[in-house]
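Single-letter residue listing:
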Amino acid sequence: FLIRKITGRSATAIVVSSLWAVHPVLTEAVSWVSNQSSLIFFSFFILSVLALLKYKENRSKKIFLWSSYLFFAFSLLSKETTLGGIFVIGVIFLFYFKNYFKEFTPFVLVGAAYLFIRYQILGSLGDHALRGSFLENLALAPAIFLKYLALSVWPFNLMLDYSNYPLPSGFLDARVIFGILFFGIFGLLIWRASKKSALFFSFGLVWFASFLLPVLQIIPFQDIIGERFLYAPIMGFFLSAVAGFEYVTNRLNLKLKFYLNFIGLILIMVIFSFFLFLTFNRNNNWLNSENLWLSVLRLDAENERALQNISAYYLEKRN
């Protein structure tokens, strides 16, 4: 409903939602019961944006605007990843609203109030998981961005625990360099797409990057990488991919457009089937503790968390 509301295209909404629904990297967010917060916060955020777009259609009905503020607050109280959504809502105001600052400001104030209260209660914004100096921790952000981008495109070798992820050696580390490069490409594409009226492509990239910002370790926290953190961003990734494809085909002649659309349809079906197969296999890893932790050890034989948990599982089974 949200993608159809934004783009006005049912076909785009079906393709984007279908690819998002079966992407194997999202298995963790759905199958891990303790991670319900990802599903809840994203549901509230979708409701917030839908209410905002409903208000756009009828500016006299302030109830939709206030509902949007309320749903955003609920989303933020469910998971602080919602903070990235402030940029998404900001882009919506830029695209659709004239009174930008007046009605957008409460979203920023809610986010600021949340950060202030969190700091007052916990005494910090992160959880004291600073890895090295501030600059070393900052160098980690582009490397993690590159990893999330890779997981979005190539969802193989998935595992629950990335605690042994090798930290960058510095800003000259290849992952840091390529991470900064891709982040710069994202910024350039967003700017160029907005100039070329490819708004949905630009919006999807903003969506992807914005929801990743809170989990790039700029404010440090314990889990260095979590596949569940892609639950919200990857929707924007697919929106930009589909919108970009449509933008290119719409500028071709009818014959080329027909052939390219046909190839695109076949490609989507292949990717969908491939994702479905990988997700089915990934769900098998979540059937029980043994499958889950053995799946980690197959990729990282020295993972301490996996070794502890598989040991506890076998001891409980008297094995």
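Structural data are supplied above this passage.
Residues numbered from 1 in each chain as written. Predicted model: local features only at pLDDT ≥ 70, side-chain atom pairs only at ≥ 80, totals over all residues. Heavy atoms only, no water.

**Some points on helix 2 (residues 10-21)**
Helix length check: helix 2 (12 residues) gives 16 Å between terminal C-alpha atoms against 16 Å at 1.5 Å per residue, within 8%. Of the positions making up helix 2, those classed as buried are Thr12, Ala13, Val15, Val16, Leu19 and Trp20. Tucked into the core, helix 2 has its buried residues touching helix 1 (2-7), helix 4 (36-57), helix 11 (233-249) and helix 12 (254-285). (Helix = DSSP H or I, 4+ residues; strand = E, 2+ residues; numbered from the N terminus. Expected span 1.5 Å × (residues − 1). Buried < 20%, exposed > 50% of the residue type's maximum accessible area, 1.4 Å probe, protein only. Contact = heavy atoms within 4.5 Å.)

**Thoughts on the packing of helix 2 against helix 11**
It is at 9 Å that the axes of helix 2 and helix 11 come closest, and there the two elements cross at 140 degrees. On the basis of the axis angle, helix 2 is oblique to helix 11. The hand of the helix 2/helix 11 crossing is right-handed. Of the residues in helix 11, those in contact with Thr12, Val15, Val16, Leu19 and Trp20 of helix 2 are Ile234, Met235, Phe238, Leu239, Val242 and Glu246. Among the residues making up the contact of helix 2 with helix 11, the classes are represented as 9 nonpolar, 1 polar and 1 charged. (Axes fitted to C-alpha atoms, helices over the stretch in contact; angles between N-to-C directions. Parallel < 35°, antiparallel > 145°, perpendicular 65-115°, else oblique. Left-handed = near helix turned anticlockwise from the far one by under 90°. Nonpolar A, V, L, I, M, F, W, Y, C, P; charged D, E, K, R; others polar.)

**Digging into unusual backbone geometry**
One non-glycine residue, asparagine 157, lies in positive phi territory at about 55 degrees. Checked against the element boundaries, asparagine 157 lands in the loop between helix 8 (134-153) and helix 9 (174-195). Not every positive phi belongs to a glycine, and glutamine 217 is a case in point at roughly 70 degrees. As for its position among the elements, glutamine 217 is in the loop between helix 10 (199-212) and helix 11. Under the relative-accessibility criterion, glutamine 217 is labelled buried at 0%.

**Description of the nonpolar core**
Counting residues in each nonpolar core, the largest one holds 85 residues, and the members touching the most others are Tyr148 and Trp207. Setting aside anything within four residues of it in sequence, one finds tyrosine 148 in contact with Leu212, Val215, Leu216, Ile224, Ile225, Gly226, Phe229 and Leu230. (Core = buried A, V, L, I, M, F, W, Y, C linked by side-chain atoms within 4.5 Å.)

**With respect to the packing of aromatic side chains**
With the rule as written, the count across this model stands at 35 aromatic pairs. Taking 5.8 Å as the distance between ring centres and 80 degrees as the angle between the ring planes, the aromatic pair formed by phenylalanine 45 and tryptophan 207 counts as edge-to-face. One end of the pair, phenylalanine 45, is in helix 4; the other, tryptophan 207, is in helix 10, with 162 residues separating them in the sequence. Members of the aromatic cluster, connected to one another through ring pairs, are Trp20, Phe41, Phe42, Phe45, Phe95, Tyr96, Phe203, Trp207, Phe211 and Tyr231. (Phe/Tyr/Trp six-rings, centres within 6.5 Å; stacked < 30°, edge-to-face > 60°.)

**Brief notes about the pattern of salt bridges**
Within the structure shown, the criterion is met by 11 salt bridges. Note that arginine 9 and glutamate 246 form a salt bridge whose closest N and O atoms lie 2.8 Å from each other. Within this pair, whereas arginine 9 is found in the loop between helix 1 and helix 2, its partner glutamate 246 is found in helix 11, the two being separated by 237 residues in sequence. Take glutamate 246: its relative accessible area is 18%, and that puts it in the buried class. A salt bridge links arginine 118 to glutamate 80, with the nearest nitrogen and oxygen atoms 2.7 Å apart. Placement of the pair is arginine 118 in helix 7 (residues 100-122) and glutamate 80 in the loop between helix 5 (62-78) and helix 6 (85-96), with a sequence separation of 38 residues. In this structure glutamate 80 comes out as partly exposed when scored by relative accessible area, which is 30%. One salt-bridge network, held together by shared partners, links Lys5, Lys54 and Glu57. (Salt bridge = Lys/Arg side-chain N within 4 Å of Asp/Glu carboxyl O.)

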